[in-house]
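# Close look at the chain arrangement
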Amino acid sequence: MTSNQHVLRWLEEMKALVKPMNVVWVDGSREQMADLKRQAIASGELIELNQDLLPGCTLHRTAPNDVARVEHRTFICTRKKEDAGPTNNWEDPQVMYEKLRKLFNGVMHDRTMYIIPYSMGPIGSPYSKVGIELTDSIYVVLNMDIMTRVGKAALDQLGDSNDFVRGLHSKADIDEENRYICHVPEDNTIWSINSGYGGNVLLGKKCFALRIASYQGWKEGWMAEHMLILGIENPKGEIKYVAAAFPSACGKTNLAMLIPPEVYQKKGYKVWTVGDDIAWMNIGKDGRLWAINPESGFFGVAPGTNMKSNANALLSTKKNTIFTNVVHNLENNTVWWEGLDKNPPEHALDWQGNPWNGKTSDKKGAHPNSRFTAPAINCPCISSEFANPQGVPISAIIFGGRRAKTAPLVYQAKDWEHGVFVGSIMASETTAAATGAVGVVRRDPMAMLPFCGYHMGDYFQHWLDMGKKLGDKAPKIFNVNWFRTDDNGNFIWPGFGENLRVLDWIIQRCEGAVDAVETPIGYEPKPEDINIEGLEGITEDTIKNLLYVDKNLWKEEVAGIKEFYAKFGDRLPKELNAQLAALEQRLG
Ligand code: GTP
Ligand code: SPV
Ligand code: MN
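Residues numbered from 1 in each chain as written. Chains lettered and ligands numbered in written order. Predicted model: local features only at pLDDT ≥ 70, side-chain atom pairs only at ≥ 80, totals over all residues. Heavy atoms only, no water.

### With respect to the coordination of the manganese ion (ligand 3)
Note the cut-off: Only N, O and S atoms count as donors, using a 2.8 Å cut-off from the metal and 3.2 Å for Na, K and Ca, and because water is excluded some sites may appear unfinished. In these descriptions, tetrahedral denotes four donors with every angle between 85 and 135 degrees, square planar four donors and octahedral six donors with opposite donors over 155 degrees apart and the rest between 65 and 115, and irregular any other case. Every helix listed is a DSSP run of H or I at least four residues long, and every strand listed is a run of E at least two residues long, numbered separately from the N terminus.
Around the manganese ion (ligand 3), the donor atoms from the protein are K206 (NZ), H226 (NE2) and D277 (OD), and they sit 2.1 to 2.4 Å away. Taken together, the six donor atoms coordinating the manganese ion (ligand 3) and their angles of 63 to 174 degrees define a geometry best described as irregular. Sequence positions of the donors to the manganese ion (ligand 3) reduce to the motif K-x19-H-x50-D. Remark: D277 occurs in the loop between strand 15 (270-275) and strand 16 (279-283) and H226 occurs in the loop between strand 12 (223-225) and strand 13 (227-233); sequence separation between them is 51 residues.

### Some thoughts on the domain arrangement of the protein chain
Test applied: In this document the domain limits rely on a domain assignment from an automatic tool or a database. The contact definition used throughout considers only heavy atoms, calling two residues in contact when any of these lie within 4.5 Å. Buried area adds together the accessible area that both of two parts lose upon being put together, with accessible area traced by a 1.4 Å probe.
Split by domain assignment, the protein chain resolves into domain 1 (5-46 + 70-221), domain 2 (225-297 + 384-549) and domain 3 (298-378). On the domain 3 side, the residues contacting the 14 residues of domain 2 number 14 residues. With both chains or domains summed, domain 2 and domain 3 bury close to 1100 Å², and 65% of this area falls on carbon and sulfur atoms. Together, M257, G297 and A432 form the three largest contributors to the area buried by domain 2 at its contact with domain 3, with a combined 40%.

### Considerations on the site of ligand 2
Inclusion rule: Note on terminology: near, applied to a residue and a molecule or strand, indicates that one of the residue's heavy atoms is within 4 Å of it. Nitrogen and oxygen atoms within 3.5 Å of one another constitute a polar contact, given that in protein one can donate a hydrogen and the other can accept it, and given that sequence-neighbouring residues count only through two side-chain atoms. We get accessible surface area from the Shrake-Rupley algorithm with a probe of 1.4 Å; when it comes to residues, only the shown protein chains can shield them.
Around ligand 2, the neighbouring residues are R69, Y197, G199, K205, K206, H226, S248, D277, F299, R371, A433 and F451. Within the backbone of G199, an N or O atom sits 3.0 Å from an oxygen atom of ligand 2. One of the side-chain nitrogen or oxygen atoms of S248 is found 2.5 Å away from an oxygen atom of ligand 2. Contact with the protein chains removes 98% of the 280 Å² of surface that ligand 2 exposes when unbound. Residue-level mapping places the shell around ligand 2 at the junction of two domains, with at least three residues from each of domain 1 (5-46 + 70-221) and domain 2 (225-297 + 384-549).

### Concerning the nonpolar core
Under the convention used in this document: Residues grouped as a nonpolar core are buried Ala, Val, Leu, Ile, Met, Phe, Trp, Tyr and Cys residues, joined through side-chain atoms within 4.5 Å. Here's how the labels work: a residue is buried when its accessible area is under 20% of the maximum for its type, exposed when over 50%, partly exposed in between, all with a 1.4 Å probe on protein chains only.
Formed by 89 residues in total, the largest nonpolar core has its most connected members in W280, M281, I397, F399, W463 and Y565. Of the residues that make up this core, three or more belong to each of domain 1 (5-46 + 70-221) and domain 2 (225-297 + 384-549). Counting residues in each nonpolar core, the second largest holds 63 residues, with L54, W336, F372 and A374 among its members.

### Some thoughts on the site of ligand 1
Our working definition: Only Asp, Glu, Lys and Arg are considered charged, only Ala, Val, Leu, Ile, Met, Phe, Trp, Tyr, Cys and Pro nonpolar, and every remaining residue, Gly among them, polar.
Near ligand 1, the surroundings consist of 21 residues, among which A249, K252, T253, N254 and R371 are the closest. Within the backbone of G251, an N or O atom sits 2.9 Å from an oxygen atom of ligand 1. N499 has a polar side-chain atom sitting 3.0 Å from an oxygen atom of ligand 1. In isolation ligand 1 has 650 Å² of accessible area, and contact with the protein removes 91% of it. Contributing elements (two or more residues each) for the shell around ligand 1: helix 8 (252-256) and strand 18 (297-301). The element that contributes the greatest number of residues to the shell around ligand 1 is helix 8, accounting for three residues. Residue composition of the shell around ligand 1, grouped by class: 10 nonpolar, seven polar and four charged.

### As for the pairing of strand 13
Defined as follows: For two strands to pair, DSSP has to find at least two bridges joining them.
Buried residues dominate strand 13, accounting for seven of its seven residues. In sequence, strand 13 turns back onto strand 14 (residues 239-245) through a hairpin of five residues, with G237 there showing a positive phi of about 90 degrees.

### Looking at the sheet that holds strand 19 (residues 322-324)
Taking strand neighbours across the sheet as the criterion, the five strands line up as 2-3-19-24-18 in an open arrangement whose pairing is mixed. The outermost strands of the open sheet, each flanked by one partner alone, are strand 2 (47-48) and strand 18. Pairing geometry for strand 3 (residues 58-60) and strand 19, over three bridges, is parallel. From the neighbouring strand, T58 faces strand 19, where its bridge partner is I322.

### Overview of the state of the cysteines
Basically, it comes down to this: Here, two cysteine sulfur atoms that lie within 2.5 Å of each other are counted as a disulfide.
Overall, the coordinates contain zero disulfides when judged by the stated rule. Looking at the unpaired C182, the closest cysteine sulfur is the one in C77, lying at 4.9 Å. The structure places no disulfide on C452, whose sulfur is separated from the nearest cysteine sulfur, that of C207, by 14 Å. Judged by its relative accessible area of 1%, C452 is buried.

### Looking at the sheet that holds strand 22 (residues 348-349)
An order of 21-20-22-23 is seen for the four strands of this open sheet, with the pairing classed as antiparallel. The open sheet is flanked by strand 21 (334-336) and strand 23 (355-356), the only strands paired with a single partner. Relative to strand 21, strand 20 (residues 327-329) runs antiparallel, the two being bridged by three bridges. Paired with N329 across the two strands is T334, which belongs to strand 21.

### Looking at the packing of aromatic side chains
Cut-off, in case you're wondering: Each Phe, Tyr or Trp ring (for Trp, its six-membered ring) is paired with any other whose centre lies within 6.5 Å, and the angle between the two planes then decides the class: stacked below 30 degrees, edge-to-face above 60, tilted in between. Lysine and arginine charges are scored as sitting over a ring when NZ or CZ, respectively, is within 6 Å of the ring centre and within 35 degrees of the ring normal.
Considering all chains together, one arrives at 24 aromatic pairs under this definition. Seen from their ring centres, F323 and W337 are 6.0 Å apart, and the 35 degrees between their planes marks the pair as tilted. One end of the pair, F323, is in strand 19; the other, W337, is in the loop between strand 21 and strand 22, and 14 residues separate them in sequence. Neither residue differs from the other here; F323 and W337 are each classed as buried. Taken together, the ring pairs in this structure connect Y215, W218, Y454, Y459, F460, F564 and F568 into an aromatic cluster. A cation over a ring is seen here: K219 above W218, with NZ or CZ 4.5 Å from the ring centre. For the cation-ring pair, K414 lies above Y523, with the distance from its terminal atom to the ring centre recorded as 5.7 Å.

### Re the packing of helix 11 (residues 416-424) against helix 12 (residues 456-470)
How we decide: Every angle, taken between N-to-C directions, lies between 0 and 180 degrees, and every axis is a line fitted to C-alpha atoms, over only the stretch in contact when it is a helix. In this scheme, roughly parallel covers angles under 35 degrees and roughly antiparallel covers those over 145, while 65 to 115 is roughly perpendicular and the rest are oblique. Crossings are sorted by hand: turned counterclockwise from the far helix by less than a right angle, the near helix makes the crossing left-handed, and turned clockwise it makes it right-handed.
Interaxial distance between helix 11 and helix 12 falls to 9 Å at its minimum, and their mutual angle equals 155 degrees. By the angle between their axes, helix 11 is roughly antiparallel relative to helix 12. Both helix 11 and helix 12 take part in a crossing whose hand is right-handed. Taking contact as the criterion, the partners of W416, E417, V420 and S424 in helix 11 are, on helix 12, F460, W463, L464, G467 and L470. Here the residues of the contact of helix 11 with helix 12 sort into six nonpolar, two polar and one charged.

### Looking at the packing of helix 15 (residues 551-566) against helix 16 (residues 574-587)
The N-to-C vectors of helix 15 and helix 16 enclose an angle of 160 degrees; their axes lie 10 Å apart at closest approach. It follows from the interaxial angle that helix 15 and helix 16 lie roughly antiparallel. Crossing angle aside, the handedness with which helix 15 passes helix 16 is left-handed. For the pair helix 15 and helix 16, the contacting residues are K551, W554, K555, V558, I561, K562 and Y565 in the first and L576, N577, L580, L583, E584 and L587 in the second. Partitioned by chemical class, the residues of the contact of helix 15 with helix 16 number eight nonpolar, one polar and four charged.

Right, dumping it as structure tokens:
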């Protein structure tokens, strides 16, 4: 497949380590993928679903101890400890390699090793990058084929270059005690062992496209961010693109594919999906910020996805999709999850494969972090620019978290520097996307806490530097919160498609078409400027309430931010301390 000496030398070294029984190059051909799928179905690794209702679709169950990312077992291994920063687990690269070599030694002696060359980003894009993942899992191969551009074309793109990310993965024994997800940014290397779950093993995704790529972006002057990218088309046919960073399971896929409310549809508004999880952003020749989606599929949260909340996501899963840890509906050999519809199957297997009756069981059938892996081209609203090698120009950057209180529905940063501050103080309630407690508020700057591959203080500085380069062409920065609750714990804002009403204000702000109110935390809409036409149960007073800035809560927030900032010591940019002091002063 290749004569690249860097690749071949590395392969020899890895083969000598894991000692595979067989080696298979993944060329990405449809025949090969079909053949691998047949093998996985025969071995029980995949279950073939109803091919009339869900053509090309399969179901997979992971081990019960292996259902989400494991942040406490994820490491950034830099030569100097301080370069990984206070928010990452660290180990010395040589110490970690040594420890993992013992675990990888001979681990594939009775297994086939698949060599997956892949491109993150469209083949031929100046912004794309190549990786090679070695794995003993067909499930990984088939998922990577959906999520990335797999095969010979990626190797051709690499040519003789040494600039590729070296990924090694083995399921080994799925032993939790020896599960490691390790990154060595200075070596372009990722080693992952003892997991078979999504973000831990699809090495192109969080491991490369965020952790390694954020480090590369820092060194090379671009940005790798945990952001969706969407285009909003107005009735005149003009499209504005925005990128939005929300933490895991906080609404990126939903926002990326939203269906406009009827009043907007009637006026001619449309929404186009470019990406739902990751954005790579470069300064283009025109000085603006341009974003590509490095992925080619969606690894989306299943629970809660339905025709009302996210029809475009659901429709994306109707063919050639791999479902993981959802309910197996035995009545028609399809799938089900909580929130799909009000008609759970009686005759079914839960996510662990145990008999489950959706009508009588008091236990959930699907795992809260169950997922679908669907090709992006299945999405009814996929953007015509989805695979544009130059990407799309970004008008606004939006941060957002899951906050029951404190954060208002939307506010705008005063300028780029203040926007970096707004991103850096993001906080959100934890979700099932990672193991550990759910619903705990934690600081998650730019939704990158689990994904920044270097010192977060340097990362903030990189954001400030990018703003200086962009100057007056920099996107405007906003913060949103769809998750504010009332005294009974119910969400006040209807969310989902209705979020376009907030995006509408954001776009108008970018165009200078609407005024704003200055508050201590930034610019807010006048309540009457959020369009609530056709929205039942929401009045201007509701909007006022959603926009209310509670100074006492924000003073508590300032205390929390100070504590968080203290971790960064002198690597926290002084601009951010100044922003914090200014916020404190404005709060009085
Ligand atoms: P990752 O794939 O983990 O990065 O998640 P994500 O950010 O793409 O989140 P996703 O869009 O899959 O949404 C996660 C959960 O949030 C689902 O249960 C959704 O139903 C819920 N959700 C998404 N958008 C909204 C919203 O606007 N309002 C409310 N209340 N819930 C939402
Ligand atoms: C996330 O947790 O942000 C995801 C899912 O997108 S995973 O690929 O597992 O990281
Ligand atoms: Mn994500």
